[in-house]
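# Report on the structure
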Amino acid sequence: MAQTSLPGTGLLKGLAVTVKHLFKRPATLMYPYERNELAPRTRGVIALMDENCTVCMLCARECPDWCIYIDSHKETVPPAKEGGRARTRNVLDRFAIDFSLCMYCGICVEVCPFDALWWSPEFEYSEYTMDALLHEKDKLREWADTVPPPPALDEGAEAPAEVTEAIAKAEKELEAAAQKEADKAAAAEAATTEAKAGGSGPKKADEPKVAAGEIDQETYDALIAEGKSERIARSKAKAAYVKKEKARLKAEADAGGGDAEAAPTPKAADIKVEAGQIDQETYDALIAEGKTERMARAKAKAAWVKKEKARLAAEAESAAGAGAPAGEEAEPPSPTDAAGSDQAPSTDAPAEEPAATRKLGDVHVEGTGEIDQETYDALIAEGKSERIARAKAKAAWVKKAKQAKLDEEGGA
Amino acid sequence: MSDLETTERVLPSNAPGEDVAFEILGDGDFPTAEMSLSIGPAHPATHGVFRIVLDLDGERVRGARPVIGYMHRGFEKLAEYRDYRQIAALTNRHDWLSGFCNELGVAIAVESMLELEVPDRAQWIRMLMAEWNRILNHLMFIGSYALELGAITPMFYAFREREDIQHLMESATGGRLHFTYNQPGGVKIDLPKGFLKRSAEISKVTRERFDDYVDLVLGNEIFQGRTVGVGPLPQDVALSLGITGPTLHATGIAEDSRVTEPYLKYGDIDVEVPLGENGDAFDRFYVLLHRIRASLDIIDQIHDHMPAGPVNSKLPKMVKAPEGAIYVRTENPLGQLGYWLESDGGRTPWRFKMRTPSFSNVQAIPYLMQGALLPDAISILGSVFFVVGDIDR
Amino acid sequence: MTVLTSTTALAQAPSILDVGDGVVLPILLKVALVLGLFFVVPLVGGYLEHKVMGRMQNRRGPVEAGPFGSLQLVADGIKFIQKEDIIPRAADKPMFALAPGLALVPALLVFLVIPLGPGVFAVDLELGLFYALAITSISVLGILLGGWASANKFSLIGGLRAGAQLIAYELPLIITAITVAVMAGTLSLVGIVEAQANFTLPGLEGFNLWFVFPQIVGFAIFFVAAMAELSRPPFDMPIGDSELVFGYMTEYTGIKFAMFLLTEYAGMITMSALMVVLFLGGWQILPGVATPGCEGAAGIMSCDPIGIAISVLVTLAKIMGLVFLMVWARVAYPRLREDQLQRISWLVLVPLSLANLAFVTILTVVL
Ligand code: SF4
Ligand code: SF4
C-alpha cells in the first residue's frame, strides 16, 4: 500500500509538512478581537418578538425538552362596534426559555405560526451557573433586534408559492397604483408648484417612470427580511411607496389646516424615504457593541425607518390634536397649501406641543466617545464586562445629552 | 508488588469487571501476577465514557473486556414518546459526529412508510450534506487516531478543515454538529445563495490538503511501525461480529449500502469504496483516510448533477406514519446504521430500534486486543472507530 | 562537594567569576549564574517550544501573557503554585513528596559545569563530562520514585518505562560521549571545546573542524539517545498521554507537577548544551572563524567582555537551535512503542556507537 520505498523518506516528509506550515498564516481567529461572520441561519439563540405572540402554546407543547415556560391571562376586549360582542384575548405574562435545557433543535421556531420566535446568531450568553441561563421575555426580546435577514436562496431553488403569488399581486398593484397616480397627478397638476419639499408624490406622477424608481425602504427591508428575492421586494416596495405617499399626503392635508405651530420644522424634506439612510445613533451603538459593520448597518437602517415612521405618526397625531377643521379636502394638497396655512393664525395649538412631539431621535448630539460614568460604574458593579459597560454607558450618555438638548429647546 | 504473597485478592471492589484482582501465576521463586487495569470510563484514549478492563501481564494484554453503558440515555425508549419531527432532533445526537446521516435514516424510514415522493433536488442536497458530514467525521478520527499514537499535529490540521466544512454546513442548516436539516419529505429549506460555489471551493482546498495527511501520518515510518500488523481482523470474524464501515472495508469486503443497496441518488453516480487487505490498524486508517478522497469525488459529482426544483413536499401538520414496520439501513460514516421503525399509526413510533455501527464495531475489541501490548491496545482501540454515544445510545 | 572545596585542584580553566581573593563572593556569583541559567533558559526554551509548535500546527501559540505571549510559562508557573497540592490517600507520602525534588535537583546541578563562553561557567571540572552524565541519570530516580509512590497503575507503568528507557539509552549516550572524549583527549568540557578549536584533519590544515563533522553518526546517536532519555516525543512512552494518562505525573498537581515539567525543560537545555559542547564547537561561531574580541587558542579562549558576550550568545543560539530540532520532531512524529524503542537502542544504537568508538579510537591512534 502506501509503503515508502526508501526508509526514512516518510520521516523526512513529516518534517517537510510541518516546516511548511511554520511559514503559513495561522488559521487562528483571535476571538474576542476578531469575530467570525456567522451565517444568518446560525442557531445561536432564540429571540422572541413578544408583540407577535398570541400565546397559542404550540412552541411550548412541541419543544422536545419542555423548556419553554409561558404564563398568560385572558383579557376582555370591549366590542369594536356598538352592539358587537366583547372578545377575549390572551395576554402574555411570562415567556421564558431555559437555555440550559434547550437542545437548539429549532422546533419551536419552526412551529410558531405567528412568527414570534426567531433564531439569532448571537451566542455570547454563557453564565457561571445553570439557572442563570433561564432567560425571560425581556431578554429574549432584546435578541430579536439581532435577528439578521435570511440569506437569499440558491439559484436552483424553487421560489415558494407565496413569493410567486406575491409577484403577480405586486405587479398588478403596481399597475393599478401607477394608473391611479396618473389620474391624480392630472388633477393635482394645476396646484403643484415646483417646490421640492416632500412633494415627490404628485410631482413624480408627471413622470411615472421616475415614480416607479422610488421604493418604500421599510417594505423593502421587511420583504428582504422575509426572504423574498431582491426583485420581488423591489416591486412590492415600489407599490407600497406609492400607497404610503398618498396616505401621507392625505394625512398632511388632514392636519394641514391647523398645522401652524405643530409642524415648525420642514419635515416634508425629511420624509423622502431614501434608500441607504441609516440611524447614526443605532449604528454607532451597535458598532460600539462590537457588531459587524453589515449587521449594524442593516439594523440602523431598520431603526431609522422605524423612527421616521413613529415621528410621522406622532406628528400626524399632534396635528390632528391641533384640531384642524380644514383638512377635509379631497384633493391632494400641495406644499403651497401647507405653506399657505402656515400664515393662518393658530387656533389652539399649545406652545409646548412641538417639544412634546419631538423624539430623542430627532435631536442630534455630537459625541466623541464620552460615556456616562454613572451608568458605567453601575454596570461594572453589576459584573458586566468592560466592553458592554462601555458601550451601554456611551449610549446612556448620548441619551442624556439629547434629553438635555431637548429640555433646553423646550425651555426656550 | 512486594506484598504479593500476602495478598490473594487485592482491592476487591463492587465495580463491574473490577473483581478480577491479582492472581498468582507460576510456582517459581519469582512470582508474577496479572494486573487488572481499568482504562476509562474517563481516560484520554476513550474519547467519551467508555471503559475497558485489561488484564495485563507486564505490558502484554491477556484479556480485554469492554464495559459499556456509561452514556446510556434511553434513546430508543425516548423515541417512543417523541413525534417524527422531534425524533430527527434526537437521532442526530447518538452519533454526534454524524448528525446529518443519522437524521437521514429517520427521514427515509418515515418517507418510505408514507410512500412519499421526495423531490430530486432534496435528494441531491441530502447526499451532498451526508458526504460532507462523512468527511467531517473521518477528519475527526484521523486527528484523534494520530493523537492516540502520540502525533499531536494532525489533529490541528483536521480541525482546521473541519472548521471550514462546519461553517459551510452551518450556512445551510444553522447547526455545526446537530444539523436538524432533514424533515420527512425533503429538507427544511433550500440552500442559501452561493452555497454550491463555496462547497466546490472547500472541496478543492480539502483535496489539496489531503496529501499533508498522507505525508504526515500514513507515510510515516513510525506510524507504520505502530499500525502495520497490529490488530488484524480476519474477514470471517468481522462478518460474524457484524462489523461494518471502514473497519469491515479494511478486511477487503466491499459491503457499503451506498453501492450494494443504493438509497437517495447514489445509484446515479460512481461511489468508490476504498478497501484494505489485512484488516490491521494500518488498513483501517488507510481506508478511513481514502474515504475522505472518495467522498470528495462524490461531492464533485453532486455539484455537477444538482437539479433545480423544490426541496420538500407538502405534509400534513402532524406527520403520522401508517401502521406497519420498516427497516432502513444507510451507510453512516462509521458503518451501517439501521433503524427499525414500527408504527401503530399514531403520532409517535410504537417501537424505534437502532442498529448503530459503533456498538457492533466495539464487539471486535476483545478479539483484537487479546495478546497485544498495552500501547497496541490503544492503537487498536483508536482504530475501530467508534463514538461512545453511538454505542450506548 | 568537591565544587566547594577546590576550585584549583580539579578545575582546569579559571572561571571569570573567580573575582578577588575571597571565597564568598565567587561562590555567590556562581550560585547566581547557575540559578539564573536554570530558571531563565528553560523558560526561553519552553516559550520557543510553545511558539514553534503552534506555528507548525497552523495556530499562534501563546499570545496573551506578556508581549507575544512570552510570559506564558511564568504565568503557568504562578498558576501551578496557586493550585491545590493533592496527595492521593494511598500514596507513599514522603516518597511522593520527595520525587519531584529528586528529579529537579540533578537537572539544576548539571548547570554547574556547562560552559557558555570563555570563562563563563561555575566550574570547569577535570571530569566535567563524567559529572554531567552521571548527574543527569539521577533524575530518573525521581521519576521512578514518583511512579511507584503514586499508588496508581498508570504511574507505575510510566515509572517503569522511564527506568527501562534510561537503561537502554544511557549506554549509547555514554559510549558516544566517550568517543568524543577520546578525540579530545580530555573529560573537561572546556577542554573539549578547546580541542574542537584545534582539531583538524590531514589535508585541511589551518581549518579547524568541530567534532560533528568526523562524528556525524555519533552526533545522531547522541541526539536520539538524549531525546529518549529526556522522554521527549517521539520517545515519550513514560508519559504517553493517550495510554498512561500522564504516566508518572498522573497523580501530581500544583507545584510538584510544575517541578517535573521544569525538570523536563531544564533537561532539554542541558542535553542541548552538552551537544553544543561535545559536537558543535561550544561558543565558536563557525569552524575556522575566530570570535571577534578574542585571541589565544584558535581565537576562542581569552576574550574581552564583548567577545565573551558574543560567545555566550552563540552558545545560547546553538542550544535553542537544538531545542528547535527536538520540538520539530515532537510536532512531526507519532510515539514509538516501548519494545520498538528498546529494539532501536539495543539492536541499532548500541552496536553503532560501539563501532563508532572503535573507528574513532583507531583513527585517533593512527593520526
Ligand atoms: S430549540 Fe428546541 S429545545 Fe430549544 S426551546 Fe426550541 S423547541 Fe425547545
Ligand atoms: S408558538 Fe409562537 S405564538 Fe404560539 S406561544 Fe409560541 S411564540 Fe407565541
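Before going into details, it helps to say that this report is about the structure given with it. Because the structure is a prediction, the values reported are computed rather than measured.

Procedures and definitions
- Residues numbered from 1 in each chain as written.
- Chains lettered and ligands numbered in written order.
- Predicted model: local features only at pLDDT ≥ 70, side-chain atom pairs only at ≥ 80, totals over all residues.
- Heavy atoms only, no water.
- Phe/Tyr/Trp six-rings, centres within 6.5 Å; stacked < 30°, edge-to-face > 60°.
- Buried < 20%, exposed > 50% of the residue type's maximum accessible area, 1.4 Å probe, protein only.
- Helix = DSSP H or I, 4+ residues; strand = E, 2+ residues; numbered from the N terminus.
- Near = heavy atom within 4 Å.
- Nonpolar A, V, L, I, M, F, W, Y, C, P; charged D, E, K, R; others polar.
- Expected span 1.5 Å × (residues − 1).
- Arc of directions from axis to C-beta.
- Contact = heavy atoms within 4.5 Å.
- Buried area = accessible area lost by both parts, 1.4 Å probe.
- Salt bridge = Lys/Arg side-chain N within 4 Å of Asp/Glu carboxyl O.
- Polar contact = N/O pair within 3.5 Å; in protein donor to acceptor, adjacent residues only side chain to side chain.
- Pairing = 2+ DSSP bridges.
- 1 Å grid on protein atoms, 1.4 Å probe; cavity = no way out; pocket = protein on both sides within 12 Å on 5 of 7 lines; lining within 4 Å.
- Points joined across faces, edges and corners; volume = space filled by probe spheres on them.
- Axes fitted to C-alpha atoms, helices over the stretch in contact; angles between N-to-C directions.
- Parallel < 35°, antiparallel > 145°, perpendicular 65-115°, else oblique.
- Left-handed = near helix turned anticlockwise from the far one by under 90°.
- Core = buried A, V, L, I, M, F, W, Y, C linked by side-chain atoms within 4.5 Å.

### With respect to the packing of aromatic side chains
Under the defined criterion, the tally for this structure stands at 28 aromatic pairs over all chains. For the pair Tyr 263 of chain B and Tyr 266 of chain B, a centre-to-centre distance of 5.2 Å together with 70° between the ring planes defines the contact as edge-to-face. With relative accessibility at 2%, the residue Tyr 266 of chain B sits in the buried group. A ring pair is formed by Phe 38 of chain C and Phe 111 of chain C, whose centres lie 5.9 Å apart and whose planes are at 75°; its orientation type is edge-to-face. In this pair, Phe 38 of chain C sits in helix α2 (residues 24-56) while Phe 111 of chain C sits in the loop between α4 (93-110) and α5 (128-136), placing the two residues 73 residues apart along the sequence. An aromatic cluster of at least three residues, connected via ring pairs, comprises Phe 141, Tyr 145, Phe 223, Phe 282, Phe 285 and Phe 385 of chain B.

### Considerations on the site of ligand 1
What surrounds ligand 1 is a group of 14 residues, the closest being Cys 63, Cys 102, Cys 105, Gly 106 and Cys 108 of chain A. Residues of the shell around ligand 1, tallied by class, amount to 12 nonpolar, one polar and one charged.

### A closer look at helix α1 (residues 9-22) of chain A
For α1 of chain A, which comprises 14 residues, the first-to-last C-alpha distance of 20 Å matches the rise-based estimate of 20 Å (1.5 Å per residue) to within 8%. Turning to α1 of chain A, its buried residues are Gly 10, Gly 14, Leu 15, Val 17, Thr 18, His 21 and Leu 22 of chain A. Considered in projection along α1 of chain A, the buried side chains sweep an arc of 160° and stay on one side of the axis. Contacts made by the buried residues of α1 of chain A are with α5 (153-173), α6 (195-218) and α7 (221-227) of chain B together with α2 and α11 (305-332) of chain C.

### Quick notes on the interface of chain B and chain A
Contact with chain B, which involves 51 residues of that partner, is made by 41 residues of chain A. Across the chain B to chain A interface the summed buried area is about 3600 Å²; carbon plus sulfur atoms make up 52%. Run the count over chain B and chain A and you get three salt bridges. When the shortest N-O distance is used, the salt bridge between Glu 110 of chain A and Arg 85 of chain B registers 3.4 Å. Linking chain B to chain A there are 14 residue pairs in polar contact (both at pLDDT 80 or more). Contributing elements (two or more residues each) for the side of chain B that touches chain A: α2 (84-91), α5, α6, α7 and α11 (281-305) of chain B. Per-element accounting of the side of chain B that touches chain A gives the leading share, nine residues, to α5 of chain B. Taken together, the residues of the side of chain B that touches chain A break down into 18 nonpolar, 16 polar and 17 charged.

### Structural notes on the pairing of strand β3 (residues 87-98) of chain A
Residues and elements named next belong to chain A. Relative to β3, strand β2 (residues 68-77) runs antiparallel, the two sharing 10 bridges. For His 73, the partnering residue across the bridge sits in β3 and is Val 91. The sheet contact formed by β3 and strand β5 (residues 134-135) spans two bridges and is antiparallel. Its bridge partner being in β5, Ile 97 is matched across the sheet by His 135.

### Comments concerning empty space enclosed by the protein
Residue and element names in this part refer to chain C. Scanning the entire structure with this criterion turns up six cavities of 30 Å³ or more. Estimates place the volume of the largest cavity at around 290 Å³. Among the elements of the structure, α6 (139-149), α7 (153-184), α9 (216-229) and α10 (254-279) are those that each provide at least two residues to the lining of the largest cavity. Take the lining of the largest cavity: its biggest share by element is six residues, from α10. By residue class, the composition of the lining of the largest cavity is 11 nonpolar, seven polar and two charged.

### Quick look at the interface of chain A and chain C
Listed as interface residues are 15 residues of chain A and, on the opposing side, 13 residues of chain C. Counting each side, the surface lost to burial between chain A and chain C is near 1400 Å², with a carbon and sulfur contribution of 60%. Inspection of the chain A/chain C interface yields zero salt bridges. Run the count over chain A and chain C and you get three residue pairs in polar contact (both at pLDDT 80 or more). Tallied by class, residues from the side of chain A that touches chain C come to nine nonpolar, four polar and two charged.

### Details of the packing of α4 of chain C against α6 of chain C
All names here are of chain C. In contact at an axis separation of 7 Å, α4 and α6 are set at 165° when each is read in the N-to-C sense. Here α4 lies roughly antiparallel to α6, going by the angle between them. Every pair of crossing elements has a handedness; the one defined by α4 and α6 is left-handed. Counting all contacts with α4, which are made through Met 95, Phe 96, Leu 98, Ala 99, Leu 102, Ala 103, Pro 106 and Ala 107, the residues of α6 involved are Ser 139, Leu 141, Gly 142, Leu 145, Gly 146 and Ala 149. Its residues placed into classes, the contact of α4 with α6 shows 11 nonpolar, three polar and no charged.

### Notes on the nonpolar core
Among the nonpolar cores identified, the biggest contains 119 residues, and Leu 54, Trp 132 and Met 369 of chain B are the most heavily contacted of them. Sorting elements by how many residues they give to this core places helix α4 (residues 120-148) of chain B first, with 15 residues. Ignoring anything within four residues of it in the chain, the contact list for Met 369 of chain B reads Ile 52, Leu 54, Val 61, Ala 64, Ala 377, Ile 380 and Leu 381 of chain B. Ala 177, Val 212, Ile 319 and Val 331 of chain C belong to the second-largest nonpolar core, a separate cluster that totals 91 residues.

### Points about unusual backbone geometry
Residues and elements named next belong to chain A. Within the chain, Val 55 stands out as a residue other than glycine whose phi angle is a positive 55°. With respect to the helices and strands, the residue Val 55 is situated in the loop between β1 (45-48) and α2 (58-62). Since its relative accessible area comes to 6%, Val 55 is described here as buried. Within the chain, Trp 66 stands out as a residue other than glycine whose phi angle is a positive 50°. With respect to the helices, strands and loops of the structure, Trp 66 is situated in the loop between α2 and β2.

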